[in-house]
Amino acid sequence: MNVKKIATAESYQSFINDEKVSILKYEANWCPDCKRLDFFIDDIINTHQDKAWAQIDIEQFPEITEENDVMGIPSLLIYQDGKKIGHLHSANTKNPDQVKEYLSQF
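Thresholds, definitions, all that
- Residues numbered from 1 in each chain as written.
- Predicted model: local features only at pLDDT ≥ 70, side-chain atom pairs only at ≥ 80, totals over all residues.
- Heavy atoms only, no water.
- Phe/Tyr/Trp six-rings, centres within 6.5 Å; stacked < 30°, edge-to-face > 60°.
- Helix = DSSP H or I, 4+ residues; strand = E, 2+ residues; numbered from the N terminus.
- Buried < 20%, exposed > 50% of the residue type's maximum accessible area, 1.4 Å probe, protein only.
- Disulfide = S-S within 2.5 Å.
- Contact = heavy atoms within 4.5 Å.
- Pairing = 2+ DSSP bridges.
- Arc of directions from axis to C-beta.

**Examining the packing of aromatic side chains**
Part 1: All chains considered together, the criterion is met by two aromatic pairs.
Part 2: When the ring of Tyr-12 is compared with that of Tyr-79, the centres are 6.2 Å apart and the planes differ by 90 degrees; the resulting orientation is edge-to-face. With Tyr-12 in helix 1 (residues 9–16) and Tyr-79 in strand 4 (residues 75–80), this residue pair connects regions lying 67 residues apart in the sequence.
Part 3: By relative accessible area, which is 2% here, Tyr-12 ends up buried.
Part 4: With 5.6 Å between their ring centres and 55 degrees between their planes, Tyr-102 and Phe-106 make a pair best called tilted.

Structure below.
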């Protein structure tokens, strides 16, 4: 998955403040479900090329993770103009159809 990695709090802010819809994948290296999502996320990204995509490591940014109410990973959070407009919780990221159906509304 060739997606921008959020490396600083500033890059997170500029990513979510975009006027186009931005999708941020919350993950961690040790997370087996995150790896499972990686198996099918590329097709979904290709379908949603009109959106910006990035990933953020919850261990690097615990304060951002907490402020966004991310309780489980992987989670896909959708932002536009600095506001969170969607949150696909970890329980619903396990199969491609659930992810595609959720993202189809944005």
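There's plenty left to go through after this.
**Concerning the state of the cysteines**
Part 1: The full count for this structure, using the stated rule, is one disulfide.
Part 2: One disulfide in the model links Cys-31 with Cys-34; its S-S distance is 2.4 Å. The S-S bond linking Cys-31 to Cys-34 shows a torsion near 85 degrees; that makes this disulfide right-handed. In this structure, Cys-31 and Cys-34 share a single accessibility class: buried.

**A short note on the side chain of Asn-68**
Part 1: Within the secondary structure, Asn-68 is located in the loop between helix 3 (62–67) and strand 4.
Part 2: For Asn-68, a relative accessible area of 5% gives the class buried.
Part 3: Contacts of Asn-68, omitting those with residues within four sequence positions, involve Tyr-12, Tyr-26, Leu-77, Tyr-79, Lys-84 and His-87.

**What to know about the sheet that holds strand 4**
Part 1: Read across the sheet, five strands follow the order 1-3-2-4-5 without closing on themselves; strand pairing throughout is mixed. Looking along the sheet, the strands with just one partner apiece sit at the ends: strand 1 (4–5) and strand 5 (83–88).
Part 2: The pairing of strand 2 (residues 22–27) with strand 3 (residues 52–57) spans six bridges and is parallel. By the bridge assignment, Lys-25 is partnered in strand 3 with Gln-55.

**Some words on the pairing of strand 5**
Within a regular beta strand, the side chains point alternately toward one face of the sheet and then the other, so they alternate between its two faces.
Part 1: Sheet topology places strand 4 next to strand 5; five bridges connect them, and they run antiparallel. What sits directly across from Ile-78, in strand 5, is Gly-86.

**Section: helix 1**
Part 1: Those residues of helix 1 that sit buried are Ser-11, Tyr-12, Phe-15 and Ile-16. The buried residues of helix 1 occupy an angular sector of 125 degrees when projected down its axis, which confines them to one face.

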